[in-house]
Amino acid sequence: MSQKRQKEARRKARLAAQQEADAARTAEAELSRLATASFGRKLARAELHIETLEAAFVAWRRNGYRTFEETDDKGITTAYAQLVRPLPEEVPLLIGDVAQCLLNSLDHLAFAVASANNPDGLTQAQEEASQFPIQRRCPRNDKGVVAPHSGIATWTACAQAVVGVMQPYLSQHGLNAHPLWLLRDLANRDKHRALTVTAFGHAINEFSMGNGYIDYFEVFDAAEIGTEPVALLASSRQNYGDMRLRASFEIRFAPGPLVAGREVVGTLRTLAGYIRTVPIPRLAKFL
């Protein structure tokens with residue numbers, strides 16, 4: 001390569017590096033701006049509650065249950081799990097706090113968009129009506145024409161269209177699988193009753209075996225761990241080989257809300273992650 005071409009290549013490389021650095025600084029500034037807005041702080045508060053909740057579960061797992069084995073007269077050894085200490089009392093409160101903070105972050109975001117699109121200010125009625133819509137079906141007026149939700153009536157048509165495509169009724173996986181609909185249901189239940197959770201035991205999270213054979217081995221379905229012993233797995237004394245097992249325990253939502261049966265911390269993180277990666281960045285352009 002000639003000296004001139006080398007010089008041009010270095011110039012282009014410096015320019016590209018500068019552009020990349022500028023883009024990174026711009027993105028960082030935007031993230032900082034969104035994080036310090038009220039909706040960003042609400043979201044951060046929800047994520048802090050999730051961390052507290054996870055820490056409470058970690059502490060509970062140290063002595064919240066016990067595992068033991070019993071062998072019958074046929075030589076079959078069964079492993080059991082049993083609850084010895086209830087889950088922390090603050091768990092339902094923390095879950096409710098997460099749900100409310102996440103839902104509030106969306107309403108704060110809606111108010112920010114409304115304020116930005118109305119520089120002369122909102123009327124008291126408009127302020128009171130402002131909210132982030134989470135809808136079961138497409139809204140239509142008495143003439144059958146699609147009409148925007150009253151909570152975003154002060155938004156621009158483009159902003160209304162952006163939030164419209166996020167609505168649960170458009171979900172390809174069904175209404176009850178959409179993060180916003182799950183959040184709405186969870187938050188509404190928290191307003192009227194305590195959210196409950198249960199501990200579930202899985203017989204095997206990891207299984208490995210060296211040379212040998214298995215004479216008898218049975219894994220039981222995942223089951224709720226209560227004060228009565230629950231069987232996890234059974235095996236025979238005749239089993240031979242270097243067999244290693246590891247049981248795992250999950251904290252799941254109890255029956256009632258749409259998230260029933262789902263792992264608690266992972267579900268809440270999914271809901272928070274959706275808000276952080278979908279509504280906030282998509283609507284940030286209108287702020």
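## Describing the overall build of the chain
Helix and strand counts for the chain come out as eight helices and seven strands. Counting only residues that meet the buried cut, the chain has 36% of its 287 residues in that class. For the chain, long-range pairs separated by at least 24 residues make up 70% of all intrachain contacts whose partners lie at least 6 apart in sequence. Entry remark: accessible area of the chain is about 16700 Å², with carbon and sulfur atoms responsible for 50%.

## Considerations on the pattern of salt bridges
Tallied over the entire structure, the rule returns five salt bridges. Linked through salt bridges whose partners overlap, the residues forming this network are E51, E54 and R269.

## What about the side chain of Q160?
Here Q160 lies in helix α5 (residues 157-164). Here Q160 is in contact with P148, I152, A153 and W155, once residues within four sequence places are set aside.

## Section: the packing of helix α3 (residues 91-116) against helix α7 (residues 264-277)
Relative orientation of the contacting elements α3 and α7 amounts to 10 degrees, with a least axis distance of 10 Å. Here α3 lies roughly parallel to α7, going by the angle between them. Of the residues in α7, those touching α3 at I95, V98, L102, S105 and L106 are V264, L268, L271, A272 and I275. Residue composition of the contact of α3 with α7, by class: nine nonpolar, one polar and no charged.

## Observations concerning a positive patch on the surface
A cluster of basic residues, R136, R137, R184 and K191, forms a positive patch on the protein surface. Relative to the assigned elements, R184 resides in helix α6 (residues 179-192).

## Concerning the packing of α6 against α7
At a minimum axis separation of 10 Å, α6 and α7 run at an interaxial angle of 120 degrees. Judged by the angle between their axes, α6 and α7 are oblique. Remark: the crossing between α6 and α7 carries left-handed chirality. Of the residues in α7, those in contact with P179, L180, L182, L183 and L186 of α6 are L268, L271, Y274 and I275. Across the contact of α6 with α7, the residue classes tally to nine nonpolar, no polar and no charged.

## Details of the pairing of strand β1 (residues 65-71)
Bridge analysis of β1 against strand β2 (residues 76-83) gives seven bridges, and the strand direction is antiparallel. Counted as the bridge partner of Y65 is L83 from β2. The turn linking β1 back onto β2 is made up of four residues, and G75 within it adopts a positive phi angle of 85 degrees.

Cut-offs used in this document
Residues numbered from 1 in each chain as written. Predicted model: local features only at pLDDT ≥ 70, side-chain atom pairs only at ≥ 80, totals over all residues. Heavy atoms only, no water. Helix = DSSP H or I, 4+ residues; strand = E, 2+ residues; numbered from the N terminus. Buried < 20%, exposed > 50% of the residue type's maximum accessible area, 1.4 Å probe, protein only. Contact = heavy atoms within 4.5 Å. Areas by Shrake-Rupley, 256 points an atom, 1.4 Å probe, with all protein chains shown as cover. Salt bridge = Lys/Arg side-chain N within 4 Å of Asp/Glu carboxyl O. Axes fitted to C-alpha atoms, helices over the stretch in contact; angles between N-to-C directions. Parallel < 35°, antiparallel > 145°, perpendicular 65-115°, else oblique. Nonpolar A, V, L, I, M, F, W, Y, C, P; charged D, E, K, R; others polar. Patch = residues over 30% accessible without salt bridge, like charges linked within 9 Å, V, L, I, M, F, W, Y side chains within 5 Å. Lys, Arg positive; Asp, Glu negative; His and termini not counted. Charge placed at Lys NZ, Arg CZ, Asp CG, Glu CD. Left-handed = near helix turned anticlockwise from the far one by under 90°. Pairing = 2+ DSSP bridges.

Geometry only, nothing functional implied.
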